[in-house]
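In case you want the letters, here they are:
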Amino acid sequence: MNRRLLPVLASALVLGISFAAYSAAQNPQPSATPVTPVHSVATVAPGVAPLPTTKEVLDKFETAIGGRSVWSGFTTRYMKGIYQTEDASGFAAIEIFSKAPNKTLFKITFSNGIVLRQVCDGKTAWIEDPVGGMHSITGPALESRIRQSSFNDRTAGLLMAVSGQVLATEKVGTHSTYVLEFAPEKKITSKIYFDTESGFAVRTDDTLHREDGDYKVENYMDDYRAVDGAYFPFRLRHVEKGNVFTLRFTQVKNNPPIDDSMFLKPASAPK
């Protein structure tokens, strides 16, 4: 097994694969304290078109990815693809199993047949090594992993996105984007970059503000394709604390049978 892959996988947060989450921003649930959407726009120079409102950006995104009614029909998901390090020195096959409300399992198979499993049961997260050992994920990586392990990936955060503000336009690779900033939770700042033409989200930034310093995670999404009427990014680039890797998906299945036993801790795990 390529040992250079292990520290990357062990320290990486949830990869932001379950993009059903974004549609949750347009489907808020009743609460005792309703959130008031912010529709203000940044000041622009004379002759420059004003920025769209937050609602306009989110409405366009919902339409682009297939609509709320399509996404609401999914409760499990299977994704298969190729994991590659930034310098192309390491490759592995990856399978991702997701189940509502908050369980995820990443199965990484190396070229020599060795398998590494990375699991989140909604409360804790861990790495299962090839010889049967279990290594708990802790600190900011665990905080973010649990938050993003929701099947609807960012549901809570994107419900708060309606109270955010469109700050500016910015280039993300070849994409011209609108930058939406909001605070999904205390001590967290998030930005989503929406393509101005297609409406797709092409980048997300999450910054966890901690006493020992900020912890930032970036995801870049591209190559959106339709599966069961919903659109998924088939290419994702992940940047976290100096670790950079790319996922290229070859298969996405919605609502496959997934048993809860897949997400149980090994018997050897510390009690």
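This one's a predicted model, so the numbers in the text were calculated from it and none came from an experiment.

What counts and how
- Residues numbered from 1 in each chain as written.
- Predicted model: local features only at pLDDT ≥ 70, side-chain atom pairs only at ≥ 80, totals over all residues.
- Heavy atoms only, no water.
- Phe/Tyr/Trp six-rings, centres within 6.5 Å; stacked < 30°, edge-to-face > 60°.
- Helix = DSSP H or I, 4+ residues; strand = E, 2+ residues; numbered from the N terminus.
- Lys NZ or Arg CZ within 6 Å of the ring centre and 35° of its normal.
- Salt bridge = Lys/Arg side-chain N within 4 Å of Asp/Glu carboxyl O.
- Buried < 20%, exposed > 50% of the residue type's maximum accessible area, 1.4 Å probe, protein only.
- Arc of directions from axis to C-beta.
- Polar contact = N/O pair within 3.5 Å; in protein donor to acceptor, adjacent residues only side chain to side chain.
- Contact = heavy atoms within 4.5 Å.

Caption draft 1: Summary view of the packing of aromatic side chains. Counted according to the given criterion, the structure contains seven aromatic pairs. A ring pair is formed by F200 and Y224, whose centres lie 4.0 Å apart and whose planes are at 0°; its orientation type is stacked. Separated by 24 residues along the polypeptide, F200 in the loop between strand 9 (188-195) and strand 10 (201-210) and Y224 in strand 11 (residues 213-227) bring together distant segments of the chain. Members of the aromatic cluster, connected to one another through ring pairs, are W71, F74 and F232. R237 extends its terminal NZ or CZ atom over the ring of Y220, reaching a point 5.6 Å from the ring centre.

Caption draft 2: Seen up close, the pattern of salt bridges. Under the defined criterion, the tally for this structure stands at twelve salt bridges. Between E62 and R68 there is a salt bridge; the shortest N-O distance is 3.4 Å. A relative accessible area of 36% means that R68 is categorised as partly exposed. Here K216 and E218 are joined by a salt bridge, their closest N and O atoms 3.6 Å apart. A residue is classified by how much of its surface remains accessible, and K216, at 37% relative accessible area, is partly exposed. Taken together, the salt bridges that share partners define one network made up of R203, D205, K216 and E218.

Caption draft 3: Geometry of helix 2 (residues 54-64). Regarding helix 2, the residues found buried are T54, V57, L58, F61, E62 and A64. End-on view of helix 2: buried residues confined to an arc of 165°, all on one side of the axis. In the segment just after helix 2, G66 is the residue with positive phi, at about 120°.

Caption draft 4: Structural view of the side chain of N254. By the secondary structure assignment, N254 is in strand 13 (residues 243-254). For N254, a relative accessible area of 12% corresponds to the buried category. In this structure the side chain of N254 is engaged in a polar contact, spanning 2.8 Å, whose partner is the side chain of R77. At 3.0 Å, the side chain of N254 and the side chain of D228 are in polar contact. Those residues within four positions of N254 in sequence are excluded, and the remaining contacts are F74, T76, R77, V227, D228 and F232.

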